[in-house]
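# Architecture and fold: a report
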Amino acid sequence: MKEVLVDNAKVMAKGQITLPKDIRAALGVSTGDRVTLIRQADQVIMMNSAIYAMKMLQQAMQGEAEKVGLDSDESVAAMIMDMRAGENE
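This structure is a prediction, so every number in the text was calculated from the model and none was measured.

### Some remarks on the overall build of the chain
Of the regular secondary structure elements, the chain holds four helices and two strands. In the chain, the succession of α and β elements from N to C terminus is α-β-β-α-α-α. Scaling as 2.2 N^0.38, a compact globule of 89 residues should have a C-alpha radius of gyration of about 12 Å, whereas the chain reaches 21 Å, well beyond that. In terms of principal-axis extent, the alpha carbons of the chain reach across some 65 × 30 × 25 Å. For the chain, the proportion of its 89 residues judged to be buried stands at 12%. Residue pairs at least 24 apart in sequence account for 5% of intrachain contacts in the chain once pairs closer than 6 positions are excluded.

The rules we used
Residues numbered from 1 in each chain as written. Predicted model: local features only at pLDDT ≥ 70, side-chain atom pairs only at ≥ 80, totals over all residues. Heavy atoms only, no water. Helix = DSSP H or I, 4+ residues; strand = E, 2+ residues; numbered from the N terminus. Rg over C-alpha atoms; globule rule 2.2 N^0.38 Å. Buried < 20%, exposed > 50% of the residue type's maximum accessible area, 1.4 Å probe, protein only. Contact = heavy atoms within 4.5 Å.

Remember that the coordinates give geometry; whether it matters functionally is a separate question.
Structure follows, in structure tokens:
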């Protein structure tokens, strides 16, 4: 079961909040890191921006390998061997 953290933060005059330590730790963010906020109806999901970007890339690339015939470890290894052989010519 997924761990659920519930905490509160006060909204300051300029709309800023301080993320509680346990939330920062769970997201893997520290000073200077960026977070992505995703609004869904009356909820906001906060994610580490680097993780969000990787998930979006994975989602965009899903199925692309199969389209070019890379459907197994063996086919990927064969492609790498072909590429390396072409570099040595």
